[in-house]
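# Descriptive analysis of the structure
Listed here are the chains, written in short residue letters.
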Amino acid sequence: MVRKRHSLRFSLPERRADAIALVGLLALAGLAIAGPSGLFAWSENLRLSEARQARLAVLEAEHGELKNRVDLLDPEHADPDLAGELVRSEMGLVHPDEVVIRIDD
């Protein structure tokens, strides 16, 4: 008599492989929903992206202002008004015909 034990032996690895594949698919689905780049993190990433775009716009505006000041202070052709303003504010120098008024806080 032939036993059916062999057929069970062959079906167990197939079921085990199916179970492992199912667990793997469930893990991937979980990561797609709740992972660091999943659906739940999507809105947070959009919010951070918008905040960084706003910060980038502010920094680009500051960069433009600083570039303008650097261009005005170029030693080859410095703007005399800006150079005079910087000398007065940084070194405390004034022209002989100017009057200094101090305002105490």
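One can find the structure itself at the top, above this paragraph.
The model shown is predicted, which means the values in this text are computed figures rather than measured ones.

About the thresholds
Residues numbered from 1 in each chain as written. Predicted model: local features only at pLDDT ≥ 70, side-chain atom pairs only at ≥ 80, totals over all residues. Heavy atoms only, no water. Helix = DSSP H or I, 4+ residues; strand = E, 2+ residues; numbered from the N terminus. Salt bridge = Lys/Arg side-chain N within 4 Å of Asp/Glu carboxyl O. Buried < 20%, exposed > 50% of the residue type's maximum accessible area, 1.4 Å probe, protein only. Expected span 1.5 Å × (residues − 1). Contact = heavy atoms within 4.5 Å. Patch = residues over 30% accessible without salt bridge, like charges linked within 9 Å, V, L, I, M, F, W, Y side chains within 5 Å. Areas by Shrake-Rupley, 256 points an atom, 1.4 Å probe, with all protein chains shown as cover.

## Side note on the overall build of the protein
- When helices and strands are tallied, the protein shows three helices and zero strands.
- Along the chain direction, N to C, the helices and strands of the protein fall in the order α-α-α.

## Re the pattern of salt bridges
- Taken as a whole and judged by the stated rule, the model has three salt bridges.
- Lys67 is the partner of Asp71 in a salt bridge, and the nearest nitrogen-oxygen pair spans 3.6 Å. Placement of both Asp71 and Lys67 in helix α2 (residues 39–72) is noted, with a separation of four residues, approximately one turn of the helix.
- What makes Lys67 partly exposed here is its relative accessible area of 46%.

## Observations concerning helix α3 (residues 80–91)
- With twelve residues, α3 extends 16 Å from end C-alpha to end C-alpha; this agrees with the ideal 16 Å at 1.5 Å per step.
- Looking at the residues trailing α3, positive phi occurs at Gly92, about 75°.

## A look at the environment of His77
- Inspection of the secondary structure puts His77 in the loop between α2 and α3.
- Apart from residues no more than four positions distant in its own chain, His77 is found in contact with Asp71 and Leu72.

## Points about a nonpolar patch on the surface
- A cluster of nonpolar side chains, namely Leu25, Leu28 and Leu31, defines an oily patch on the protein surface of about 330 Å² accessible area.
- With respect to the helices and strands, the residue Leu31 is situated in helix α1 (residues 5–34).
- Judged by its relative accessible area of 52%, Leu31 is exposed.

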